[in-house]
Structure formats: C-alpha cells, structure tokens
Amino acid sequence: MNAPLDLARLERGSMDELRPALEGAVPAVMATVAADGTPNVAYLSQVHHVDERHVALSFQFFNRTRQNLLAHPRSTVLLVHPISMAFYRLHLRYLRTETGGAVFERMKAQLAGIASHSGLDEVFVLRGADIHEVLAIERVPVAPHPSPLPAPQARPAALPVLSRASQRLGAARTLDALIEAALDVLQHELDMPQAMVLIADSAAGRLYTVASRGYTPSGVGSEIPFGQGVIGVAARAATPLRINHMTSAALYNQAVLGGYGRDAQAEIAYPGLARPGSQLAVPLASAGRVVGVLFVECGQEMRFNHEDEDLLVALGGQLAAGIDLMHESEEPCGSEPDANAPQAVAPAAAPLRVRRYRRDDSVFVNNAYLIKGVAGAILWKLLTHHREGRHEFTNRELRLDASLGLPDVSDNLEARLLLLHRRLTEQCPSLRLQKTGRGCFRFDALAPVELIESD
C-alpha cells in the first residue's frame, strides 16, 4: 500500500465500462492500511459514481476502515461486473467527507430507500459521503471461462426513443392522454411493462396512483407517504432512485381497517410486485416542485442501468411539465365540445347505497370502499347535485368550492378528477364521469342512488 503506484504497468479500464459494477449486485471489497502498516479488508455495499474521476463511499460507522483512511488516505477497491463477471480494481485516494450537497443527498436517499424496504430506517443513517479521487481503474486479468457468458440483450437507442416520446407527449391535449402516452412509451418502446404514475398531494404528504400498467388490479387510488419506500423517498429527496438487486417485498400501504367503526377495508392495495428484483423511481419535477413520481420495476435483477435512469429522467421532465401545465381552461362548457360525450341513459335496475364518512371523505358503495379525500368529497358533491337533477359541471366551480378541501396552490384538480374517473370505471361503472369539453364534464348515475352520511 505504501509503494508508489506504477500506472504504466496497469491494464487500464474506463469509468463507462465499470459503471455497472457500481450497482452493488456483487459486494465490493476494500483494502486499507493502518498507520503502523497493518492491512484491513472490508466489504462495501455500494460504490457511488460521482464523475469520471471521483467516486463516493458511505460513511456510516467509525470503523477500522475509516480510521485507516484518516491515517493513510490511499486504498484499493475490487469490483465485479455483474454481467460480464470481469474484475476491476480501483486505486483511490481519499479527499474529504461531505455532509451536504447533491452527492450526499443522493446517497442519503439511496440508503433511505433500501432501509425503508427492510424496516431499518434508524440503523442505516448516512453520516457523510467520503469522496475519493480515482487514480486508476485497473482491469484484473482472470482465466477465461470455458463457457463464456452470453452477451447482454441490446437496448433501444435512447435518442430515437426520446424523440418519439416527445412527439407523443407533446400531442396530448388532456392529462389522461398525456399519462397514457408516457406509459405506452415505457411498455412498448422500452420493454418496461410494470409501471405507474403517481401524483403528489404535498399538503397531505402523500402520493396517489393515477395510472398503472402491468398490474392486476391496477391499484389506481393507492397511496404512498412521502419518505416511504423507493417511491416515497424519491419524492421527498427529489432525486431518482434505482435499486437493482433483490429487496424485501415493500408493503407500502396496508389495506387495513381504519379506526372509524367500519366493517370494510378503507385503503386501496398498492399494486407493486411482491418480489421486485429491480426498481427505478424518478421524481416528476417542474418549476422546482415535485408534482409526482414515475416508477418502473421488474422481477429481474440488474434490469435498469444508469442509461435507463437518464432516459427516464428526461422523459419524466417532459411529463412533469405537461402535468403542471395541463390545468383545464376555465372557459364556459362547450368551448370545445366532445362528439363522444355520453347521453342520458335509462337507470339500471340494481340500486347503489353510497355512504360517506365525514372525517376523511371516504366513500363506500354497497359497503365496498371506493375512494377518499378530495376525490371522495368531489364525488359526494356530484351525487348530491345529481339527486337534484343536475348532470353538467365545470372545473371552475369545483375550484371555488371551499368545502372540497383543495389546496390554495397547485391543487391538481385534473389529476383528482382523472383518479375519480378511473376508480368509477373499474369499481362502480354505474356512476359515470366523462369530459364534455375544456374545463367541463358530465356526471351520470345509471342506477337509483341512496345517500347516507356518517361521522
């Protein structure tokens, strides 16, 4: 460790070819030396990429490795490429420890996402990000394997995909079409069939699912608190999170009975995979605010690489801007009539018994939980007016109705209406909500409705 490093004798590698080895699928091995020359070897969960000449290691415990670094700042880290199984040795020099800034916050969020999966939030606490200069990347020669590994599956070129995605998202005229365009790109262009879009309710500190692909049931309406799991941590930290090795199943939102004396469940089950191998959550940020999260996952480990992350960040940026700007016009109804607007339909035979709980505006139909919160309050308002013979409504009147509990800033009314529309379509098709033009919609009940309120 004390001998000068002869860089000329090394078979040099590059950071680009090394980056998959930084995912943590195969633990890295770090060698340091104490001031008296005693060597020490320890395993690392992950080495974080900073730039072409620097990496960061997490400082969590004041252990022997850290003591050695403070006494002698040189170290080596052995890494294994998880696809090719090639070995690399990083020759590092410790520079400093950061306790704030972009690198620290990203590492903190990554650690928090993993910890939230395993319920060890209070154990996995990041104290600092140790920044190391990469003096050299050495390819370690190994004997050739008699059965070479197959070449990794080719990925679609990112720029053509982004070009087509941008055109599709740019052509969307409604929030529903915008989100469906993004999910289509993920499913058909990028082979990411399990995906969901969640919208942030900053006032409540939660995200709610407005659309998903690849899940049965869809989980539309399920909620995740900020800071919980990969999705919640990505939203809270406003940074993308990618976990590429098997984690414990994340039970984001248990469908358990609330404390209101009800006999039915009062939550919508989170639709994620029971045993995800890879997960990637990208915050949807616009004008300095997180408006939601774009999330993909797969049962296969090492499915998402840093190029996938970069691509989804670019896609998410346009999606976020679209969500933020997709506020419906408050012009009178009929400014852009919809030729497919539903007409009045004769009521069906089966009656609906709709109960609303005032405490959280949760709504049950025939004792089955449907929705709660602002969307539940909107549904109750529509049902109340429908009982009086009214069918046509505007976004503007909802925004002006203080009883609905919409926040003063960035109310995301369109997202709540989309959520309500999709929940009704899936769970209660006898209640129908459909747009009839810009800033207006029609609400129909195709069955007799009995309204009941409870505390």
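Every value quoted in this text rests on a predicted model; they were computed, and no experiment measured them. (Residues numbered from 1 in each chain as written. Predicted model: local features only at pLDDT ≥ 70, side-chain atom pairs only at ≥ 80, totals over all residues. Heavy atoms only, no water.)

Undergrad: Looking at this structure, how should I read the overall build of the chain?
TA: In terms of helices and strands, the chain carries ten helices and 20 strands. A buried classification covers 51% of the 455 residues belonging to the chain. A sequence separation of at least 24 residues applies to 69% of the contacts in the chain between residues at least 6 apart. Counting every atom, the chain has about 21300 Å² of accessible surface; 52% of that belongs to carbon and sulfur. (Helix = DSSP H or I, 4+ residues; strand = E, 2+ residues; numbered from the N terminus. Buried < 20%, exposed > 50% of the residue type's maximum accessible area, 1.4 Å probe, protein only. Contact = heavy atoms within 4.5 Å. Areas by Shrake-Rupley, 256 points an atom, 1.4 Å probe, with all protein chains shown as cover.)

Undergrad: Help me understand the packing of aromatic side chains, please; the structure alone is not making it clear to me.
TA: In this description, a pair of aromatic rings is defined by centroid distance and the angle of the planes. Overall, the coordinates contain three aromatic pairs when judged by the stated rule. Residues Tyr 357 and Phe 364 carry aromatic rings whose centres are separated by 5.5 Å and whose planes lie at 75° to one another, so their mutual orientation is edge-to-face. Of the two residues, Tyr 357 and Phe 364, neither departs from the other in class, the shared state being buried. The rings of Tyr 357, Phe 364 and Tyr 369 are connected pair by pair, giving a single aromatic cluster. (Phe/Tyr/Trp six-rings, centres within 6.5 Å; stacked < 30°, edge-to-face > 60°.)

Undergrad: Just to check I follow, could you spell out the sheet that holds strand S14 (residues 352-357) for this structure?
TA: Strand order in this open sheet of four strands is S16-S15-S14-S20, and the pairing throughout is mixed. The open sheet terminates on both sides in strands that have one partner only, identified here as strand S16 (368-371) and strand S20 (449-454). The sheet shows a mean angle of 30° between the axes of neighbouring strands, direction not considered. Against the sheet, helix H8 (residues 373-387) contacts S14, strand S15 (362-365), S16 and S20, and its axis sits at roughly 130° relative to S20. (Pairing = 2+ DSSP bridges. Axes fitted to C-alpha atoms, helices over the stretch in contact; angles between N-to-C directions.)

Undergrad: Mind showing me how you'd approach the sheet that holds strand S10 (residues 223-225) here?
TA: Consider a sheet: its strands pair through backbone hydrogen bonds, and that pairing is either parallel or antiparallel. With respect to topology, six strands assemble into an open sheet ordered S10-S9-S8-S13-S12-S11, the strand pairing being antiparallel. Strand pairing shows two members of the sheet lacking a second neighbour, S10 and strand S11 (241-243), which therefore form its edges. Taking each pair of neighbouring strands and ignoring which way they run, the sheet shows an average axis angle of 25°. Strand direction decides the pairing type here: strand S8 (residues 194-201) and strand S13 (residues 289-298), joined by six bridges, are antiparallel. Paired with Met 196 across the bridge in S13 is Phe 295. Running at roughly 35° to strand S12 (residues 278-286), helix H7 (residues 306-325) makes contact with S8, S11, S12 and S13 of the sheet. Against the sheet, helix H10 (residues 413-427) contacts S8 and strand S9 (206-213), and its axis sits at roughly 55° relative to S9.

Undergrad: Whenever I open this one, the pairing of S12 confuses me. Can you help?
TA: Regular strands place side chains that alternate from one sheet face to the opposite one. Here S12 lies mainly inside the structure; eight of its nine residues are buried. Here S12 pairs with S13 via nine bridges, running antiparallel. Its bridge partner being in S13, Leu 280 is matched across the sheet by Val 296. The turn joining S12 and S13, which pair antiparallel and follow one another in sequence, is formed by two residues; a positive phi near 55° is taken by Ala 287.

Undergrad: What exactly am I supposed to notice about unusual backbone geometry here?
TA: Trans peptide bonds make up the majority, and among non-glycine residues the majority have a negative phi. Across the junction of Thr 216 and Pro 217, the peptide omega takes the value -5°, indicating a cis bond. Secondary-structure assignment places Pro 217 in the loop between S9 and S10. Even without being glycine, Ala 238 reaches a positive phi, approximately 55°. Along the chain, the position of Ala 238 falls in the loop between helix H6 (229-237) and S11.

Undergrad: Just to check I follow, could you spell out the environment of Glu 453 for this structure?
TA: With respect to the secondary-structure elements, Glu 453 resides in strand S20. The partly exposed category is assigned to Glu 453, whose relative accessible area is 35%. Considering only alpha carbons, one finds Glu 453 and Val 354, 99 residues apart in sequence, at a separation of 8.5 Å. Discounting residues that sit within four places of it in the chain, Glu 453 has contacts with Arg 356, Arg 358 and Trp 380. Engagement of the side chain of Glu 453 in a polar contact is seen with the side chain of Arg 356, the distance being 2.4 Å. (Polar contact = N/O pair within 3.5 Å; in protein donor to acceptor, adjacent residues only side chain to side chain.)

Undergrad: What is the right way to look at the nonpolar core in this model?
TA: Buried together is how nonpolar side chains tend to be arranged in soluble globular proteins. The biggest cluster of nonpolar side chains holds 69 residues, and the ones touching the most others in it are Leu 186 and Leu 312. For Leu 312, the contacting residues outside a window of four places in its chain are Leu 186, Leu 190, Met 192, Leu 280, Val 282, Leu 294 and Val 296. One finds Ala 109, Ala 112, Tyr 215 and Ala 281 within the second-largest nonpolar core, a separate group that totals 20 residues. (Core = buried A, V, L, I, M, F, W, Y, C linked by side-chain atoms within 4.5 Å.)

Undergrad: Just checking my understanding: could you explain helix H2 (residues 64-71) for this structure?
TA: Each α-helix winds once per 3.6 residues, and so residues spaced three or four apart point in a common direction. For H2, the set of buried residues is Thr 65, Arg 66, Asn 68 and Leu 69. Take H2 and look down its axis: the buried residues cluster within an arc of 160°, on one side only. In this structure, the buried residues of H2 make contact with strand S1 (28-33), strand S2 (39-44), strand S4 (54-59), strand S5 (74-80), strand S6 (87-98) and strand S7 (128-140). (Arc of directions from axis to C-beta.)

Undergrad: I would appreciate a short explanation of helix H5 (residues 175-189) in the present structure.
TA: Taking 1.5 Å per residue, 15 residues should reach 21 Å; H5 reaches 21 Å between its end C-alpha atoms and fits that length. Against the buried residues of H5 lie helix H4 (158-171), S8, S9, S13, H7 and H10. Positioned one or two residues after H5, Asp 191 has a phi angle of 55°, which is positive. (Expected span 1.5 Å × (residues − 1).)

Undergrad: What am I meant to see in the side chain of Thr 209 here?
TA: With respect to the element layout, Thr 209 can be found in strand S9. Residues within four places of Thr 209 in sequence aside, it is in contact with Met 196, Val 197, Leu 198, Gly 219, Val 220, Gly 221, Ser 222 and Leu 419.

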